[in-house]
Amino acid sequence: MTKIDTSRPESVLPTPSHTVGPFYGHALPFRGGEDIAPLGHPDTVTLHGYVTDGAGDPLPDALIELWGADPDGNLPTADGSMRRDPASGGFLGRNGVEFTGWGRIQTDANGHWYARTLRPGARGRSAPYISVCVFARGLLVHLYTRIYLPGDDAVLTADPLLSGLEDGRRDTLIAVAEAAGTYRFDIRLQGEGETVFLEFQ
């Protein structure tokens, strides 16, 4: 056993640093979590992006949860995102038919995530959007935000949430159209270009 003379500050070694948890990558990701749209559905869109910290570095172990209405603006009520085998308890995956509107995606080593879902329809006075929940190391409380898809500027301008934000902040909630049916949405947790996050009370 090594004895340290605490009366001499130079003999006290610093405690090793560590990353603040919780850590979500072990049990929460599930196979097919990114495939929210039914297999072969003609209206499938792909969302993708990066999750970065305040320094702009990617987070390789963040989890993104998405919830969205169906193209008619109805909230799905179908079960089936995480079906289990009743005999073995093993995970069966989605059934590929019902649209549950929900998915969970883990970022890769570069902080990248993607999901295939259906473009949501409008509900009430809001422009169509997909709800997002972000889980990441160092976040003791998960964060909520929204993804609005571009395409109808008048509808986006009239949205109650978007209309109350400054242009620079508003843009952090609107995905960028890339190829046909593909949209990019980056999530910046802090710093310049920080994504707008919502607080529910």
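Please read these numbers as outputs of a predicted model, since none were measured by experiment.

Conventions and cut-offs
Position numbers for residues count from 1 along each chain, tracking the sequence in the order it is written. Residues qualify for local features only when their pLDDT is at least 70, as the model is predicted, and side-chain atom pairs are given and counted only at 80 or more; totals for whole chains, interfaces and linings, by contrast, use all residues. Hydrogens are left out, water is left out, and the side-chain values use all remaining heavy atoms of the structure. The set of buried Ala, Val, Leu, Ile, Met, Phe, Trp, Tyr and Cys residues whose side-chain atoms join them within 4.5 Å is what this entry labels a nonpolar core. For each residue, the accessible area found with a 1.4 Å probe, counting protein chains only, is set against the maximum for its type, and the residue is called buried under 20%, exposed over 50%, and partly exposed in between. Numbering of helices and strands runs from the N terminus, with a helix taken as a DSSP run of H or I at least four residues long and a strand as a DSSP run of E at least two residues long. A strand pair is defined by DSSP finding two or more bridges across the two strands. Confidence scores labelled pLDDT are given residue by residue by the predictor and lie between 0 and 100. Only heavy atoms matter for contacts: two residues are in contact if any of them lie within 4.5 Å across the pair. Note on aromatic contacts: the rings of Phe and Tyr and the six-membered ring of Trp form a pair at centre separations within 6.5 Å, being stacked when their planes are under 30 degrees apart, edge-to-face when over 60 apart, and tilted otherwise. Two limits define a charge over a ring: the Lys NZ or Arg CZ must be within 6 Å of the ring centre, and within 35 degrees of the ring normal. Under the rule applied, a polar contact is a pair of N or O atoms within 3.5 Å (in protein, one hydrogen donor and one hydrogen acceptor; residues adjacent in sequence only if both atoms are side-chain atoms). A carboxyl oxygen of Asp or Glu within 4 Å of a side-chain nitrogen of Lys or Arg is what we treat as a salt bridge.

Asker: Is there a simple way to think about the nonpolar core in this case?
Answerer: It is characteristic of soluble globular proteins that their nonpolar side chains tend to be buried jointly. Formed by 27 residues in total, the largest nonpolar core has its most connected members in L66, W113, I147, I187 and L189. Listed by contribution, the elements that provide at least two residues to this core are β1 (44-52), β2 (63-68), β6 (112-118), β7 (129-135) and β8 (143-148). Counting residues in hydrophobic clusters, the runner-up holds eight residues, among them Y148, L162, L173 and L198.

Asker: Just checking my understanding: could you explain the pairing of β6 for this structure?
Answerer: Residues in a regular strand point their side chains to alternate faces of the sheet. Burial within β6 is extensive, with five of its seven residues counted as buried. Looking at chain direction, β1 and β6 are connected through seven bridges and run antiparallel. Within β6, the residue paired with Y50 across the bridge is H112.

Asker: For this particular structure, what's the right way to read the confidence of the model for the chain?
Answerer: One rule of thumb: low pLDDT means the predicted coordinates there are not for detailed reading. Confidence along the chain averages 86 in pLDDT terms, with 83% of residues attaining 70 or more. Averaged pLDDT values over the elements of the chain bottom out at 69 in strand β4 (residues 91-93) and peak at 98 in strand β10 (residues 182-184).

Asker: Which parts of the structure should I look at to understand the environment of P71?
Answerer: In this fold, P71 is placed in the loop between β2 and β3 (83-84). On the accessibility criterion, P71 (40% relative accessible area) is partly exposed. Between the C-alpha atoms of P71 and D43, which are 28 residues apart in sequence, the distance is 8.6 Å.

Asker: Explanation requested: the environment of P150 in the structure shown.
Answerer: One can find P150 in the loop between β8 and α1 (153-158). Separated by 25 residues in sequence, P150 and A175 have C-alpha atoms that sit 6.5 Å apart. Those residues in contact with P150 that sit more than four places away from it in its chain are R119, L156, I174, A175, A177 and Y183.

Asker: Is there a simple way to explain the packing of aromatic side chains in this structure?
Answerer: Aromatic ring pairs are defined here through the distance separating the ring centres and the angle between the ring planes. Summed over the entire model, instances satisfying the criterion amount to two aromatic pairs. With a centroid separation of 5.7 Å and an interplanar angle of 50°, the aromatic rings of Y129 and Y148 are classed as tilted. With Y129 in strand β7 and Y148 in strand β8, the pair connects residues that are 19 residues apart, well separated along the chain. Ring plane angle 85° and centroid distance 5.3 Å describe the contact between Y144 and F200, whose orientation is recorded as edge-to-face. Taken together, the positions of Y144 in strand β8 and F200 in the segment after β11 (187-188) put the pair 56 residues apart, joining distant regions of the chain. With a relative accessible area of 27%, Y144 lands in the partly exposed category. In this arrangement the basic side chain of R146 is found over the ring face of Y129, its NZ or CZ atom lying 3.8 Å from the centre.

Asker: How do you make sense of the side chain of R104 when you look at a structure like this?
Answerer: One can find R104 in strand β5 (residues 102-106). For R104, a relative accessible area of 12% puts it in the buried group. A distance of 2.8 Å separates a polar atom in the side chain of R104 from a polar atom in the side chain of E65.

Asker: How do you make sense of the pairing of β7 when you look at a structure like this?
Answerer: With respect to burial, β7 is a largely interior element, five of its seven residues being buried. With six bridges joining them, β2 and β7 adopt antiparallel strand pairing. Paired with E65 across the two strands is C133, which belongs to β7. Here six bridges tie β7 to β8, and the two strands are oriented antiparallel to one another.

Asker: Would you explain the pattern of salt bridges in this entry?
Answerer: When charged atoms on two side chains of opposite charge get close, those side chains can pair. What the rule picks out here adds up to four salt bridges. Among the ionic pairs, R104 bridges to E65, the shortest N-O distance being 2.8 Å. Of this pair, R104 sits in strand β5 while E65 sits in strand β2, and the two are 39 residues apart along the sequence. With respect to class, R104 is no different from E65; both count as buried. Two residues, D186 and R184, come together in a salt bridge whose shortest N-O distance is 3.0 Å. Assessed through its relative accessible area of 34%, D186 is described here as partly exposed.

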